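Each chain is listed here by its residues.
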Amino acid sequence: MLRIAVLVSGGGTNLQAIIDSIERGKKGQTGLSGLLDKDKERTASEICGSMEEGVINDTQIAVVISNNSDAYALKRAELCGIKSRCISPKSFQDRAEFNRALLEALLEEKVDLIVLAGFLVVIPPEIVEAFPDRIINIHPSLIPAFCGKGYYGLHVHEGVLRKGARVSGATVHFVDSGTDTGPIIMQKCVYVRDDDTAQTLQRRIMEQAEWKLLPGAIDLMAHDRIRVSDNVVKIAR
Ligand code: GRF
């Protein structure tokens with residue numbers, strides 16, 4: 001059983017997608033790893049992106065951690081009976097103390113994987129080092145486009161619309177010491193419409209891509225399917 005910590009800052013729709021995917025897995029639905037075994041032709045990204053809904057097997061959420069006490073994500077955890085904690089930088093003297101407290105909490109919970117699901121805090125090097133290839137993030141664009149410093153929240157989608165890009169999408173990737181630079185696990189493309197606003201594009205990318213890719217990557221981690229070599233991911237099948 002993979003023990004995960006989900007780190008959040010806001011609404012928590014990705015957290016909800018993870019919770020619902022684990023429930024579907026408990027009811028006997030097959031996650032991405034199981035589907036890969038039956039379909040040798042399509043890539044993991046293709047299979048994951050075409051799933052109706054996310055499914056995760058053999059995984060439990062050990063804790064949900066938020067840096068923001070007002071995050072609705074904390075309420076979602078509470079409603080589902082999942083342990084949650086708020087660790088806010090405001091409660092510490094400086095950043096180093098906050099970073100230490102966050103690392104301690106993650107070690108205490110003995111988690112195998114850290115899932116960043118809309119966590120608006122830069123992960124400090126000591127946490128990256130303590131969890132090598134054990135931290136994943138969902139980013140709402142096709143990395144390496146529209147990512148890096150300043151590309152968070154609606155800014156990502158505003159950038160896409162400003163450029164007139166015809167496709168965007170989402171990327172689930174490992175976290176390294178850079179911003180959105182870690183090895184890419186899976187991606188899904190979503191078409192941009194002429195009448196899109198940053199808000200409509202954000203929502204469609206969540207529905208069509210994020211809520212499937214993040215559960216899919218967790219299921220792959222739970223079944224030890226991901227290999228990283230020279231910053232490139234290969235999925236064992
Ligand atoms: C998502 O768009 C995710 O890609 C980004 O932050 C947003 C979080 O949304 N990293 P939610 O809190 O999961 O609803």
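Report follows, based on the coordinates.

Definitions and cut-offs
Residues numbered from 1 in each chain as written. Predicted model: local features only at pLDDT ≥ 70, side-chain atom pairs only at ≥ 80, totals over all residues. Heavy atoms only, no water. Helix = DSSP H or I, 4+ residues; strand = E, 2+ residues; numbered from the N terminus. Rg over C-alpha atoms; globule rule 2.2 N^0.38 Å. Contact = heavy atoms within 4.5 Å. Near = heavy atom within 4 Å. Polar contact = N/O pair within 3.5 Å; in protein donor to acceptor, adjacent residues only side chain to side chain. Areas by Shrake-Rupley, 256 points an atom, 1.4 Å probe, with all protein chains shown as cover. 1 Å grid on protein atoms, 1.4 Å probe; cavity = no way out; pocket = protein on both sides within 12 Å on 5 of 7 lines; lining within 4 Å. Sits in = over half its atoms within 2 Å of the grid points. Core = buried A, V, L, I, M, F, W, Y, C linked by side-chain atoms within 4.5 Å. Buried < 20%, exposed > 50% of the residue type's maximum accessible area, 1.4 Å probe, protein only. Expected span 1.5 Å × (residues − 1). Pairing = 2+ DSSP bridges. Axes fitted to C-alpha atoms, helices over the stretch in contact; angles between N-to-C directions.

### Here we look at the overall build of the chain
- On a plain count of helices and strands, the chain comes out with eight helices and nine strands.
- For 237 residues, the compact-globule formula gives about 18 Å, and the C-alpha radius of gyration of the chain, at 17 Å, lands near that figure.
- Taking the principal axes of its C-alpha atoms as reference, the chain extends roughly 50 × 40 × 40 Å.
- Considering only residue pairs separated by 6 or more positions, the chain has 68% of its internal contacts joining residues 24 or more positions apart.

### Description of the site of the ligand
- Every residue lining the ligand is accounted for by Gly11, Gly12, Thr13, Asn14, Gly118, Ile138, Pro140, Met206 and Glu210.
- In the model, an oxygen atom of the ligand is placed 3.5 Å from a nitrogen or oxygen of the Gly11 main chain.
- Interatomic distance of 2.8 Å between a backbone N/O atom of Asn14 and an oxygen atom of the ligand.
- Expressed as a share of its isolated accessible area of 370 Å², the protein-covered part of the ligand is 85%.
- When atom positions are compared with the pocket grids, the ligand is found to occupy the largest pocket.
- At the level of elements, α1 (13–26) and α8 (198–222) are the ones that each hand at least two residues to the shell around the ligand.

### Considering the nonpolar core
- Among the nonpolar cores identified, the biggest contains 46 residues, and Val6, Ile18, Ile61, Ile136, Ile185 and Met186 are the most heavily contacted of them.
- In this structure, Ala5, Leu102, Leu106 and Val175 belong to the second largest nonpolar core, which totals 23 residues.

### Considerations on α1
- Helix length check: α1, at 14 residues, gives a terminal C-alpha distance of 20 Å against a target of 20 Å (1.5 Å per residue), a fit within 8%.
- Burial runs high along α1: 10 of the 14 residues are buried.
- What α1 keeps buried is the set Asn14, Leu15, Gln16, Ala17, Ile18, Ile19, Ser21, Ile22, Arg24 and Gly25.
- Each element contacted by the buried residues of α1 is listed here: β1 (2–8), β2 (59–66), α4 (72–79), β4 (113–116), β5 (135–139) and α8.
- The first or second residue beyond α1 is Gly28, which carries a positive phi of 105°.

### Notes on the sheet that holds strand β3 (residues 84–86)
- As summarised here, the arrangement of the seven strands in space is β3-β2-β1-β4-β5-β6-β7, forming an open sheet in which the pairing is mixed. At either end of the open sheet lies a strand with only one pairing partner, and these are β3 and β7 (184–191). Sheet twist, expressed as the average angle between the axes of neighbouring strands with direction ignored, equals 20°.
- Two elements, β4 and β5, share three bridges in a ladder whose sense is parallel. Bridge pairing links Leu116 to Asn137 in β5.
- Against the sheet, helix α5 (residues 95–108) contacts β1, β2, β3 and β4, and its axis sits at roughly 160° relative to β2.

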